[in-house]
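Observations on the model geometry
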Amino acid sequence: MIDRLLGFFSWLFSKLAFWNKPKPYTTIFVEDCLPDNLKPKALYVVHEHGTFEQAAMLCPCTCGQILHMNLLQDERPCWKVTHHSDGTASLHPSVWRQKGCKSHFWFRNGQVIWSAER
Ligand SMILES: [Zn+2]
């Protein structure tokens, strides 16, 4: 009886955890240049002639700054973007603003994971 009850609760909690998960960022591919206004909760990937040049997003801390991540391997610093089958993307390494809000986060599967390091 207790086993069944525990089983039921773990099932319930897994459902709740799923519902509470924030909606992932959508990945938007744009050619050549970024639009003037970026949508929140969107990762923009700029490509030209099939080459990913940069990724950009509004800072997730809501400070309103646009974060630019260079994707060209021969320039530093440089990030790697991975696209997943569910339509989300991941960035590597973490994004760390050295000025302003000093946001430091990982971007994985369309989710912002804040780093404790600041
Ligand atoms: Zn910020």
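What comes next is a walk through the structure. (Residues numbered from 1 in each chain as written. Predicted model: local features only at pLDDT ≥ 70, side-chain atom pairs only at ≥ 80, totals over all residues. Heavy atoms only, no water.)

**Some points on the overall build of the protein chain**
For the protein chain, the count of helices and strands is 1 helix and 8 strands. The secondary structure elements of the protein chain, listed N-terminal to C-terminal, are α-β-β-β-β-β-β-β-β. Within the span of the protein chain, comprising 118 residues, buried residues form 31% of the whole. In the protein chain, once contacts between residues fewer than 6 apart in sequence are set aside, the share between residues at least 24 apart is 25%. As displayed, the protein chain has an accessible area near 8,200 Å², and 58% of this comes from carbon and sulfur atoms. (Helix = DSSP H or I, 4+ residues; strand = E, 2+ residues; numbered from the N terminus. Buried < 20%, exposed > 50% of the residue type's maximum accessible area, 1.4 Å probe, protein only. Contact = heavy atoms within 4.5 Å. Areas by Shrake-Rupley, 256 points an atom, 1.4 Å probe, with all protein chains shown as cover.)

**Structural notes on the layout of surface pockets**
For the largest pocket, the calculated volume is near 180 Å³. For the lining of the largest pocket, the secondary-structure elements that each account for two or more residues are strand 4 (66-70) and strand 6 (89-96). A breakdown of the residues in the lining of the largest pocket according to their chemical character gives 6 nonpolar, 2 polar and 1 charged. (1 Å grid on protein atoms, 1.4 Å probe; cavity = no way out; pocket = protein on both sides within 12 Å on 5 of 7 lines; lining within 4 Å. Points joined across faces, edges and corners; volume = space filled by probe spheres on them. Nonpolar A, V, L, I, M, F, W, Y, C, P; charged D, E, K, R; others polar.)

**Section: a nonpolar patch on the surface**
A contiguous nonpolar surface patch, about 1,200 Å² in accessible area, is contributed by Met1, Ile2, Leu5, Leu6, Phe8, Phe9, Trp11, Phe13, Leu16 and Trp19. Relative to the helices and strands, Phe9 resides in helix 1 (residues 2-20). (Patch = residues over 30% accessible without salt bridge, like charges linked within 9 Å, V, L, I, M, F, W, Y side chains within 5 Å. Salt bridge = Lys/Arg side-chain N within 4 Å of Asp/Glu carboxyl O.)

**Notes on the environment of Pro22**
As for its position among the elements, Pro22 is in the loop between helix 1 and strand 1 (26-31). Each C-alpha atom, one on Pro22 and one on Ser94, is 19 Å from the other, the two residues being 72 residues apart in sequence. Sequence-distant contacts of Pro22, defined by excluding residues within four places in its chain, comprise Lys41 and Gln111.

**Thoughts on unusual backbone geometry**
Between Arg76 and Pro77 the backbone carries a cis peptide bond, its omega angle lying at -5°. Topologically, Pro77 is positioned in the loop between strand 4 and strand 5 (80-83). Unlike most non-glycine residues, Thr62 shows phi in positive territory, near 70°. Here Thr62 is to be found in the loop between strand 3 (51-58) and strand 4. Phi is positive for Asn109, which is not a glycine, with a value near 50°. With respect to the helices and strands, the residue Asn109 is situated in the loop between strand 7 (104-108) and strand 8 (111-114).

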